[in-house]
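# Structure at a glance
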Amino acid sequence: MLLKLLQDGFGSAMDLNCAEKILYGANWAYNMKLPCEALKLAAGFGGGMGVESSCGVITGGVMVLSSLYVSRNGHESGRIKALEKEFIETFTKEMGTIDCSDLKAKYRNDEIKCNLVIFKAGEILDRIVEREGLKNPPPASAGGVFTYLKFLFLKFDNIRCQIDLIFLQACC
């Protein structure tokens, strides 16, 4: 789901950062139905919150899990903490750290950028979501036509988000 979308280049043309790729991609792959305004919340989390601290794929992944598995707030149950812990511990075990600067030193290069890190986060999220289930599962694929329509919708939605951002900048 999310991993395949990311491997197919999702977010690259829009120059999304790591946190944005995870949240925007999950919004599509998991049919989360988050509006553009909510998606923009991930912008400041890329590059380890801009200071190479906790990697944006971690903060983006926690946003995804929260959106999918919290009904009201984080204190309603221990479920979100358990899922966050699983996500972060699995990522750390498989990649060695969640620290942006360390991940960049080990996995980033000019050609693929941080794709290996982003793909790993997508893979782990897919495993958790597959096990836990979705509240709004995406429609079953109808083959090539569905994939093409999905691609067109993504392009349209991305353009709409960019237009919303330009409008907000002009108004504020």
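Given the structure is predicted, the values throughout are model-derived calculations rather than measurements. (Residues numbered from 1 in each chain as written. Predicted model: local features only at pLDDT ≥ 70, side-chain atom pairs only at ≥ 80, totals over all residues. Heavy atoms only, no water.)

With that out of the way, let us pick up the overall build of the protein. Secondary structure assignment for the protein yields 9 helices and 0 strands. Along the protein, from the amino end to the carboxyl end, the secondary structure elements read α-α-α-α-α-α-α-α-α. Counting all 172 residues of the protein, 38% fall into the buried class. Of all intrachain contacts in the protein linking residues separated by at least 6 positions in sequence, the fraction that spans at least 24 positions is 66%. Summing over all exposed atoms, the protein offers an accessible surface of approximately 9600 Å²; the carbon and sulfur share of this is 58%. (Helix = DSSP H or I, 4+ residues; strand = E, 2+ residues; numbered from the N terminus. Buried < 20%, exposed > 50% of the residue type's maximum accessible area, 1.4 Å probe, protein only. Contact = heavy atoms within 4.5 Å. Areas by Shrake-Rupley, 256 points an atom, 1.4 Å probe, with all protein chains shown as cover.)

This part covers unusual backbone geometry. Phi is positive for Asn31, close to 55°, though the residue is something other than glycine. Checked against the element boundaries, Asn31 lands in the loop between helix H2 (18-29) and helix H3 (36-39). In this structure, Glu52 takes a positive phi of about 55° despite not being glycine. The topology assignment puts Glu52 in helix H4 (residues 46-52).

Following the criterion strictly, the structure yields 12 salt bridges and no others. A salt bridge links Glu123 to Lys120, with the nearest nitrogen and oxygen atoms 3.3 Å apart. Pair noted here: Glu123 and Lys120 are both in helix H8 (residues 115-132), with a separation of 3 residues, about one helical turn. Residue classification places Glu123 among the partly exposed residues on the basis of a relative accessible area of 27%. Classification of Lys120 by relative accessible area gives buried; the value is 17%. In this structure, Glu123 engages Arg127 in a salt bridge whose closest nitrogen and oxygen atoms are separated by 3.7 Å. Taken as a pair, Glu123 and Arg127 lie in helix H8 at a separation of 4 residues, close to a single helical turn. Beyond isolated ion pairs, a larger network of salt bridges with shared partners links Arg79, Glu86, Arg131 and Glu132. (Salt bridge = Lys/Arg side-chain N within 4 Å of Asp/Glu carboxyl O.)

Right, let's get into the nonpolar core. In this structure, Tyr30, Val57 and Phe91 are the most contacted members of the largest nonpolar core, which totals 44 residues. Counting residues per element, the ones that place at least two in this core are helix H1 (2-7), H2, helix H5 (56-69), helix H6 (79-95), helix H7 (100-107) and H8. Dropping the residues within four chain positions of it, Val57 is found in contact with Cys18, Ala19, Ile22, Phe87, Phe91, Val117, Ile118 and Ala121. (Core = buried A, V, L, I, M, F, W, Y, C linked by side-chain atoms within 4.5 Å.)

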